[in-house]
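For reference, the chains in residue letters:
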Amino acid sequence: MPLYEYYCEKCERTYELLQKVGVPTTIQCESCTGLAERVVSAFSTTIKTQSEDRANKIDPLGLRNVKDPAQREKIIAKENLRQLSSD
Ligand SMILES: [Zn+2]
């Protein structure tokens, strides 16, 4: 289940809740009688983008996206060959 962030205007609280996918974006606040609205966390999106960038620098061949180990070996072998022939 994804973790969603909710903000309640009435009690000015922000809190995180585990919710099923597809639940309404407005829910009953857990600490008052108001309604809490789901907020899209810009923070986690930024973190994700940064780690993607870092992963691309560490893994320029994109090996993390290759699930088949044999295919991975092939890509590495090909890259090694490319580096050898460019000398
Ligand atoms: Zn509230």
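Overview of the structure.

The rules behind the values
- Within each chain, residue numbers correspond to sequence positions counted from 1 in written order.
- Where totals are concerned, whole chains, interfaces and linings use all residues; where local detail is concerned, this predicted model gives features only for residues with pLDDT of at least 70, and gives and counts side-chain atom pairs only at 80 or more.
- Strands are runs of DSSP state E lasting at least two residues, helices are runs of H or I lasting at least four, and both sets are numbered from the N terminus onward.
- The exposure scheme places C-beta atoms from the backbone and then counts, for each residue, the other C-beta atoms within 10 Å of its own, assigning buried at 20 or more, exposed at 12 or fewer, and partly exposed in between.
- Contacts here follow a simple rule: the backbone-placed C-beta atoms of the two residues must lie within 7 Å.
- A pair of strands is treated as paired once DSSP finds two or more bridges between them.
- Only the contacting stretch of a helix is used when fitting its axis, a line to C-alpha atoms as for every element, and angles between N-to-C directions run 0 to 180 degrees.
- Helix span, as expected, comes to 1.5 Å for every residue beyond the first.

To continue, consider the overall build of the protein. For the protein, the helix and strand inventory stands at two helices and four strands. Taken from N to C terminus, the helices and strands of the protein fall in the order β-β-β-β-α-α. Here the protein holds 87 residues, and the buried ones make up 5% of them. Considering only contacts in the protein between residues 6 or more positions apart, those separated by 24 or more positions represent 28%.

The next point concerns the environment of Ala36. Structurally, Ala36 is set in strand β4 (residues 35-39). As a C-alpha pair, Ala36 and Thr25 span eleven residues in sequence and 8.4 Å in three-dimensional space. Not counting residues up to four positions away in its chain, the partners in contact with Ala36 are Tyr6, Tyr7, Cys8, Ile27 and Cys29.

What follows deals with the pairing of β4. Strand direction decides the pairing type here: strand β1 (residues 3-8) and β4, joined by four bridges, are antiparallel. In the sheet register, Glu5 faces β4, and the bridge partner there is Val39. Linking two consecutive strands that pair antiparallel, namely strand β3 (residues 26-28) and β4, is a turn of six residues.

Below, the discussion takes up the sheet that holds strand β2 (residues 13-18). Here we have four strands laid out as an open sheet, ordered β2-β1-β4-β3, and antiparallel in their pairing. Both edges of this open sheet fall to β2 and β3, since each of them pairs with a single strand only. Sheet twist, expressed as the mean angle between neighbouring strand axes with direction ignored, is 40°.

Of note, the phi angle at Glu12 is positive, near 50°, even though the residue is not glycine. Assessed through the 9 C-beta atoms surrounding it within 10 Å, Glu12 is described here as exposed.

The next thing to look at is the pairing of β1. The alternating pattern of β1 places Tyr4, Tyr6 and Cys8 on a buried face, while none of Leu3, Glu5 and Tyr7, on the opposite face, is buried. Of the strand pairs in this sheet, β1 and β2 are connected by six bridges, and their pairing is antiparallel. Counterpart to Tyr4 in the pairing with β2 is Leu17. The antiparallel pairing of β1 with β2 creates a hairpin that spans four residues between the two strands, and Glu12 there sits at a positive phi of about 50°.

All right, on to helix α2 (residues 69-85) then. Here α2 spans 24 Å end to end across 17 residues, near enough to the 24 Å set by a 1.5 Å rise per residue. Counting buried positions along α2 yields zero of 17 residues, so the element is predominantly exposed.

Remember that the coordinates give geometry; whether it matters functionally is a separate question.
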